[in-house]
Amino acid sequence: MEPREFIWQNGEFVSWDDARVHVLTHALHYGTGVFEGIRCYNSELGPAIFRGLDHFKRLHRSAELYHMQIDQSAEELLAITKELIARNSLSSCYIRPVSFRGYGEIGLFPLKAEVETVIAAWEWGAYLGEEGKAKGIRTKISKWRRMSADSFIPQAKANGQYLNSVLAKVESHEAGYDEAILLDEHGNVCEGSGENIFLVRDGRLSTPPLSAPILEGITRDTVITIARDNGLDVIERDIARDELFEADEVFFTGTAAELCPVREIDDHVVSEGRGEIAGLLQSKYDDAVHGRLPEYHGWLDVVSTEKPAQV
Ligand code: PPE
């Protein structure tokens, strides 16, 4: 990670190295935080945050589910992020807001621990590699199941819940694969460690429904919208594990990963390289985030490149 000049922390722009927390921060001990991953693209309209308000609204929803209150509204957080990007002279970057229980209380009753909010931004390239985006990646079905809604809140993007993703990611990496596919407690296909999943069969797309323990991905929604706008059928339904092996194409979606084709699953070749529909949707997604498709300009929040007065 390449440090930048400023990080926004609890109402102030502080220098990157001064954005610190105490070792007795509640979230460090119990994972009591929620976060987001957002991208800003150097678009035709100038640097533009993609679906920023949707991300900050999800941050608020995740926080509420874990009984946390964030001082700033979603709109305010978006405005702060624009200023952060301008102050750091960034044009294309990854944005990481995190709200967490801070210092002052320890023990499992968290409601008295204050909620802190931080937003950082830095340049972050292709999450699963440029080659992965172009040729597809190799995946492994994880022995770890995606957390059940009986134990956690899968739709919340909560810090502690990511230990589940970390187990699956490390397992797939150690076995020589690029990414994991997690099944849910019933054995249905769920998602990647940090991505939603789609399969294509006979020109029709399927993806697990929101009733499955998945994160309600914003890229998932973007890709469903773009696919339907291009006349493709998309069905949200439970997907059995073996359907992955009968699919013509499989791909992941996520803010960090964008749209990434899956070439192999457990050494079974799904498609030789990037499939036709994944390729089409990947290029439309790239056009949308870069402001080349006017019908999707509503998803972009342009950042004024004028630097605000120094703090
Ligand atoms: N599922 C999970 C578990 C997940 O973490 C993400 C995003 C998604 C699906 C896709 O959601 P969306 O970004 O709204 O389309 N994962 C974020 C964090 C990745 C990380 O390594 O950190 C991301 O893509 O920013």
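Residues numbered from 1 in each chain as written. Predicted model: local features only at pLDDT ≥ 70, side-chain atom pairs only at ≥ 80, totals over all residues. Heavy atoms only, no water.

**Let's talk about the domain arrangement of the protein chain**
Per the domain assignment, the segments of the protein chain are domain 1 (6–122) and domain 2 (130–292). Taken over C-alpha atoms, the centre of domain 1 sits 25 Å from the centre of domain 2. Across the contact, 22 residues belong to domain 1 and 25 residues belong to domain 2. When the two sides are added together, the surface that domain 1 and domain 2 hide from each other amounts to roughly 2100 Å², 59% of it contributed by carbon and sulfur. (Domains from an automatic or database assignment. Contact = heavy atoms within 4.5 Å. Buried area = accessible area lost by both parts, 1.4 Å probe.)

**Details of the environment of Thr 222**
Considering the arrangement of structural elements, one finds Thr 222 in helix 6 (residues 218–229). Sequence separation between Thr 222 and Trp 299 is 77 residues; the distance between their C-alpha atoms is 9.3 Å. (Helix = DSSP H or I, 4+ residues; strand = E, 2+ residues; numbered from the N terminus.)

**Some details on the pairing of strand 10 (residues 189–192)**
When strand 9 (residues 179–183) meets strand 10, the two strands line up antiparallel, connected through three bridges. Across the sheet, residue Leu 182 finds its bridge partner in strand 10, namely Glu 191. Hairpin remark: strand 9 followed by strand 10, antiparallel, with five residues in the connecting loop; positive phi at Gly 187, about 90°. (Pairing = 2+ DSSP bridges.)

**Description of helix 5 (residues 162–174)**
Here helix 5 spans 18 Å end to end across 13 residues, near enough to the 18 Å set by a 1.5 Å rise per residue. Taken together, the buried positions of helix 5 are Asn 164, Ser 165, Ala 168, Glu 171 and Ser 172. Axial view of helix 5: buried residues confined to an arc of 130°, hence all on one face. Among the exposed residues of helix 5, those oriented more than 90 degrees off its buried face are Leu 163, His 173 and Glu 174. In this structure, the buried residues of helix 5 make contact with strand 8 (137–141) and strand 9. (Expected span 1.5 Å × (residues − 1). Buried < 20%, exposed > 50% of the residue type's maximum accessible area, 1.4 Å probe, protein only. Arc of directions from axis to C-beta.)

**Points about the site of the ligand**
In the vicinity of the ligand lie 21 residues, with Tyr 94, Tyr 127, Tyr 162, Thr 219 and Thr 255 positioned nearest. Residue Tyr 94 places a side-chain N or O atom 2.5 Å away from an oxygen atom belonging to the ligand. When contributions to the shell around the ligand are tallied by element, the ones reaching two or more residues are strand 6 (93–101), helix 6 and strand 14 (249–254). Split into classes, the residues belonging to the shell around the ligand amount to six nonpolar, nine polar and six charged. Formed jointly, the shell around the ligand draws a minimum of three residues from each of two domains, domain 1 (6–122) and domain 2 (130–292). (Near = heavy atom within 4 Å. Polar contact = N/O pair within 3.5 Å; in protein donor to acceptor, adjacent residues only side chain to side chain. Nonpolar A, V, L, I, M, F, W, Y, C, P; charged D, E, K, R; others polar.)

**A closer look at helix 2 (residues 52–65)**
When the terminal C-alpha atoms of helix 2 are compared, their 20 Å separation across 14 residues agrees well with the 20 Å that a helix rising 1.5 Å per residue should span. The set of residues buried in helix 2 consists of Gly 52, His 55, Phe 56, Arg 58, Leu 59, His 60, Ser 62 and Ala 63. Phi turns positive one or two residues past the end of helix 2, at His 67, with a value near 65°.

**Here we look at the packing of helix 6 against helix 8 (residues 276–289)**
Between helix 6 and helix 8, the shortest axis-to-axis distance is 10 Å and the interhelical angle comes to 110°. Classified by the interaxial angle, the pair formed by helix 6 and helix 8 is roughly perpendicular. Contacts from Thr 219, Thr 222, Val 223, Ile 226 and Ala 227 in helix 6 reach Leu 281, Lys 284, Tyr 285 and Ala 288 in helix 8. The residue makeup of the contact of helix 6 with helix 8, split by class, is six nonpolar, two polar and one charged. (Axes fitted to C-alpha atoms, helices over the stretch in contact; angles between N-to-C directions. Parallel < 35°, antiparallel > 145°, perpendicular 65-115°, else oblique.)

**Details of the packing of aromatic side chains**
Enumeration according to the criterion identifies nine aromatic pairs in this entry. On the numbers, 4.6 Å between centres and 90° between planes, the contact of Tyr 94 with Trp 124 is edge-to-face. One end of the pair, Tyr 94, is in strand 6; the other, Trp 124, is in the loop between strand 7 (115–122) and helix 4 (130–135), and 30 residues separate them in sequence. Using a relative accessible area of 34% as the deciding quantity, one classes Trp 124 as partly exposed. Relative to Trp 124, the ring of Trp 122 has its centre 6.1 Å away and its plane inclined at 35°; by these criteria the two rings are tilted. By the ring-pair criterion, three or more aromatic residues cluster together here, those being Phe 50, Tyr 285, Tyr 296 and Trp 299. We note Arg 87 situated over the ring of Phe 13; from NZ or CZ to the ring centre the distance is 4.5 Å. Directly above the aromatic system of Tyr 127 lies the positively charged group of Lys 169, at a separation of 5.9 Å from the ring centroid. (Phe/Tyr/Trp six-rings, centres within 6.5 Å; stacked < 30°, edge-to-face > 60°. Lys NZ or Arg CZ within 6 Å of the ring centre and 35° of its normal.)

**Regarding the environment of Glu 123**
Checked against the element boundaries, Glu 123 lands in the loop between strand 7 and helix 4. Spatially, the C-alpha atom of Glu 123 lies 25 Å from that of Leu 28, the residues being 95 residues apart in sequence. Each residue touching Glu 123, except ones within four places of it in the same chain, is listed here: Arg 4, Leu 90, Ser 92 and Cys 93.

**Topic: the pattern of salt bridges**
A complete count under the given rule lists 18 salt bridges for this structure. One salt bridge in this structure joins Glu 83 and Arg 87, with 2.6 Å as the shortest N-O distance. With Glu 83 and Arg 87 both in helix 3 (residues 74–87), this residue pair falls four residues apart, about one helical turn. On the basis of relative accessible area, Glu 83 is assigned to the partly exposed category, the value being 28%. Note that Lys 133 and Glu 258 form a salt bridge whose closest N and O atoms lie 2.7 Å from each other. Here Lys 133, found in helix 4, pairs with Glu 258, found in strand 15 (residues 258–265); they are 125 residues apart in sequence, far enough to count as distant. Both residues of the pair, Lys 133 and Glu 258, count as buried. By sharing partners, the salt bridges in this structure join Arg 51, Asp 54 and Asp 221 into a single network. (Salt bridge = Lys/Arg side-chain N within 4 Å of Asp/Glu carboxyl O.)

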